[in-house]
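Analysis of the macromolecular model
This is what each chain is made of:
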Amino acid sequence: MEECLFCKIIRKEIPADIVYEDENIIAFKDIQPAAPIHILVIPKKHISSINEIESKDEALIGYIYTKIKEIAKMQGVNETGYRVIVNCGKDAGQEVMHLHFHLLAGKKLGEKIVD
Ligand code: AMP
Ligand code: ZN
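Summarised in this report is the structure supplied together with it. It should be emphasised that the depicted structure is a prediction, and the values quoted were computed from it without experimental measurement.

Inspection of every chain in the model, using the stated rule, returns 2 aromatic pairs. A ring pair is formed by Phe6 and Phe28, whose centres lie 5.3 Å apart and whose planes are at 80°; its orientation type is edge-to-face. Highlighted residues: Phe6 in helix α1 (residues 5-10) and Phe28 in strand β2 (residues 25-29), separated in sequence by 22 residues. Take Phe6: its relative accessible area is 5%, and that puts it in the buried class. What makes Phe28 buried here is its relative accessible area of 3%.

So this is what it looks like as C-alpha coordinates:
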(Lines give C-alpha, C1' and ligand atoms only; values in the text may rest on other atoms or scores of the structure.)
(Ligands and ions follow the chains in the order given, each with its own letter.)
Protein backbone atom coordinates (compact mmCIF):
# COMPACT_ATOMS: atom_id res chain seq x y z
CA MET A 1 0.00 0.00 0.00
CA GLU A 2 1.28 3.43 -0.95
CA GLU A 3 2.57 5.38 2.09
CA CYS A 4 2.36 8.69 0.24
CA LEU A 5 0.37 11.42 2.04
CA PHE A 6 -1.66 12.40 -1.01
CA CYS A 7 -2.45 8.74 -1.83
CA LYS A 8 -3.87 8.54 1.70
CA ILE A 9 -6.06 11.57 0.94
CA ILE A 10 -7.20 9.85 -2.28
CA ARG A 11 -8.10 6.74 -0.28
CA LYS A 12 -9.88 8.97 2.33
CA GLU A 13 -7.57 7.73 5.09
CA ILE A 14 -6.68 11.36 5.84
CA PRO A 15 -9.37 14.06 5.73
CA ALA A 16 -9.18 16.84 3.19
CA ASP A 17 -11.48 19.63 2.07
CA ILE A 18 -12.27 18.18 -1.35
CA VAL A 19 -13.65 20.62 -3.93
CA TYR A 20 -13.74 18.26 -6.93
CA GLU A 21 -13.25 14.56 -7.56
CA ASP A 22 -13.67 12.17 -10.45
CA GLU A 23 -12.15 8.86 -11.55
CA ASN A 24 -8.84 10.44 -12.58
CA ILE A 25 -8.18 13.35 -10.26
CA ILE A 26 -8.95 14.89 -6.91
CA ALA A 27 -8.76 18.56 -5.92
CA PHE A 28 -8.66 19.76 -2.32
CA LYS A 29 -7.83 22.89 -0.35
CA ASP A 30 -4.21 23.35 0.67
CA ILE A 31 -3.84 23.02 4.44
CA GLN A 32 -1.55 26.09 4.53
CA PRO A 33 -3.06 28.41 1.94
CA ALA A 34 -0.72 30.90 0.30
CA ALA A 35 -3.64 32.81 -1.25
CA PRO A 36 -7.38 33.19 -0.54
CA ILE A 37 -7.96 30.31 -2.95
CA HIS A 38 -5.26 27.64 -2.83
CA ILE A 39 -6.28 24.28 -4.21
CA LEU A 40 -4.12 21.27 -4.97
CA VAL A 41 -5.11 19.29 -8.05
CA ILE A 42 -3.60 15.81 -8.18
CA PRO A 43 -3.87 12.71 -10.34
CA LYS A 44 -5.19 9.63 -8.55
CA LYS A 45 -2.37 7.73 -10.19
CA HIS A 46 0.74 8.01 -8.02
CA ILE A 47 3.33 9.92 -10.03
CA SER A 48 6.10 11.25 -7.77
CA SER A 49 6.95 14.40 -9.70
CA ILE A 50 7.22 15.84 -13.20
CA ASN A 51 10.40 13.76 -13.52
CA GLU A 52 8.37 10.56 -13.33
CA ILE A 53 5.77 11.52 -15.97
CA GLU A 54 5.83 8.95 -18.78
CA SER A 55 4.57 9.28 -22.34
CA LYS A 56 1.57 7.11 -21.43
CA ASP A 57 0.57 9.83 -18.91
CA GLU A 58 0.30 12.56 -21.54
CA ALA A 59 -3.50 12.35 -21.83
CA LEU A 60 -3.81 12.47 -18.02
CA ILE A 61 -1.67 15.60 -17.79
CA GLY A 62 -3.75 17.31 -20.46
CA TYR A 63 -6.90 16.21 -18.64
CA ILE A 64 -5.61 17.80 -15.42
CA TYR A 65 -5.25 21.18 -17.15
CA THR A 66 -8.75 20.94 -18.60
CA LYS A 67 -10.08 20.25 -15.09
CA ILE A 68 -7.99 23.04 -13.55
CA LYS A 69 -9.75 25.40 -15.93
CA GLU A 70 -13.14 24.05 -14.81
CA ILE A 71 -12.22 24.20 -11.11
CA ALA A 72 -11.08 27.83 -11.56
CA LYS A 73 -14.50 28.56 -13.04
CA MET A 74 -16.26 26.74 -10.17
CA GLN A 75 -14.28 28.89 -7.74
CA GLY A 76 -15.29 32.02 -9.65
CA VAL A 77 -11.77 33.09 -10.57
CA ASN A 78 -11.59 32.18 -14.26
CA GLU A 79 -12.15 35.84 -15.23
CA THR A 80 -10.11 37.50 -12.46
CA GLY A 81 -7.18 35.14 -13.01
CA TYR A 82 -5.17 32.51 -11.29
CA ARG A 83 -1.72 30.94 -11.20
CA VAL A 84 -0.82 27.26 -11.57
CA ILE A 85 2.47 26.10 -10.07
CA VAL A 86 4.13 22.69 -10.01
CA ASN A 87 7.23 22.28 -7.89
CA CYS A 88 9.66 19.57 -8.93
CA GLY A 89 12.45 18.41 -6.64
CA LYS A 90 14.60 19.93 -3.93
CA ASP A 91 15.48 23.32 -5.39
CA ALA A 92 11.81 24.02 -6.16
CA GLY A 93 10.89 23.07 -2.59
CA GLN A 94 8.72 20.06 -3.46
CA GLU A 95 7.62 18.63 -0.11
CA VAL A 96 5.09 16.00 -1.10
CA MET A 97 6.36 13.49 -3.64
CA HIS A 98 3.04 13.03 -5.43
CA LEU A 99 2.60 15.24 -8.47
CA HIS A 100 0.35 18.19 -7.60
CA PHE A 101 -0.70 21.39 -9.27
CA HIS A 102 -1.13 24.42 -7.02
CA LEU A 103 -4.07 26.57 -8.15
CA LEU A 104 -3.65 30.01 -6.57
CA ALA A 105 -6.14 32.85 -6.84
CA GLY A 106 -8.38 35.31 -5.03
CA LYS A 107 -6.02 38.27 -4.85
CA LYS A 108 -3.53 40.11 -7.01
CA LEU A 109 -0.65 37.65 -6.95
CA GLY A 110 2.93 38.85 -6.72
CA GLU A 111 4.52 39.68 -10.05
CA LYS A 112 7.63 37.68 -9.24
CA ILE A 113 7.19 33.93 -9.25
CA VAL A 114 10.81 33.43 -8.18
CA ASP A 115 12.55 35.31 -5.39
P1 AMP B 1 4.94 21.36 -2.44
O2 AMP B 1 5.82 22.22 -1.60
O3 AMP B 1 4.81 21.86 -3.87
O4 AMP B 1 5.31 19.89 -2.36
O5 AMP B 1 3.48 21.53 -1.86
C6 AMP B 1 2.94 20.68 -0.91
C7 AMP B 1 1.70 21.37 -0.40
O8 AMP B 1 0.90 20.39 0.27
C9 AMP B 1 1.98 22.49 0.59
O10 AMP B 1 1.44 23.71 0.09
C11 AMP B 1 1.28 22.02 1.87
O12 AMP B 1 0.69 23.09 2.59
C13 AMP B 1 0.26 21.06 1.32
N14 AMP B 1 -0.18 20.02 2.24
C15 AMP B 1 0.60 19.22 3.03
N16 AMP B 1 -0.16 18.36 3.73
C17 AMP B 1 -1.45 18.61 3.38
C18 AMP B 1 -2.72 18.07 3.76
N19 AMP B 1 -2.80 17.06 4.65
N20 AMP B 1 -3.83 18.58 3.21
C21 AMP B 1 -3.76 19.59 2.33
N22 AMP B 1 -2.60 20.15 1.91
C23 AMP B 1 -1.47 19.67 2.44
ZN1 ZN C 1 0.92 9.25 -3.92
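So that's the structure; there's more coming.
Turning next to the site of ligand 1. What surrounds ligand 1 is a group of 16 residues, the closest being Asp30, Asn87, Glu95, His100 and His102. Here an oxygen atom of ligand 1 and a backbone polar atom of Gly93 are 3.0 Å apart. Within the contact set of ligand 1, an oxygen atom lies 2.6 Å away from a backbone nitrogen or oxygen of Glu95. Within the complex, the protein chains bury 87% of what would otherwise be the 500 Å² of accessible surface of ligand 1. Judged by the proximity of its atoms to the pocket grid, ligand 1 belongs to the largest pocket. At the level of elements, α1 and β2 are the ones that each hand at least two residues to the shell around ligand 1. Within the shell around ligand 1, the residues separate by chemical class into 7 nonpolar, 6 polar and 3 charged.

A word on the layout of surface pockets. Of the voids in this model, the largest pocket is the one considered here, and its volume is about 710 Å³. Lining the largest pocket are 29 residues; nearest its centre among them are Asp30, Gln32, His38, Leu40 and His102. Within the residue set of the lining of the largest pocket, elements represented by two or more residues are α1, β2, β3 (37-43), β4 (82-85) and β5 (101-105). Looking at which element gives the most residues to the lining of the largest pocket, the answer is α1, with 3 residues. Class assignment for the residues of the lining of the largest pocket results in 16 nonpolar, 7 polar and 6 charged.

Now for the sheet that holds β2. Sheet architecture is open: 5 strands sit in the order β1-β2-β3-β5-β4, paired in antiparallel fashion. Sheet topology places β1 (18-21) and β4 at the edges, where each strand pairs with a single neighbour. Taking the axes of each pair of neighbouring strands and ignoring which way they run, one obtains an average angle of 20° across the sheet.

Rules and cut-offs
- Residues numbered from 1 in each chain as written.
- Chains lettered and ligands numbered in written order.
- Predicted model: local features only at pLDDT ≥ 70, side-chain atom pairs only at ≥ 80, totals over all residues.
- Heavy atoms only, no water.
- Phe/Tyr/Trp six-rings, centres within 6.5 Å; stacked < 30°, edge-to-face > 60°.
- Helix = DSSP H or I, 4+ residues; strand = E, 2+ residues; numbered from the N terminus.
- Buried < 20%, exposed > 50% of the residue type's maximum accessible area, 1.4 Å probe, protein only.
- Near = heavy atom within 4 Å.
- Polar contact = N/O pair within 3.5 Å; in protein donor to acceptor, adjacent residues only side chain to side chain.
- Areas by Shrake-Rupley, 256 points an atom, 1.4 Å probe, with all protein chains shown as cover.
- 1 Å grid on protein atoms, 1.4 Å probe; cavity = no way out; pocket = protein on both sides within 12 Å on 5 of 7 lines; lining within 4 Å.
- Sits in = over half its atoms within 2 Å of the grid points.
- Nonpolar A, V, L, I, M, F, W, Y, C, P; charged D, E, K, R; others polar.
- Points joined across faces, edges and corners; volume = space filled by probe spheres on them.
- Pairing = 2+ DSSP bridges.
- Axes fitted to C-alpha atoms, helices over the stretch in contact; angles between N-to-C directions.

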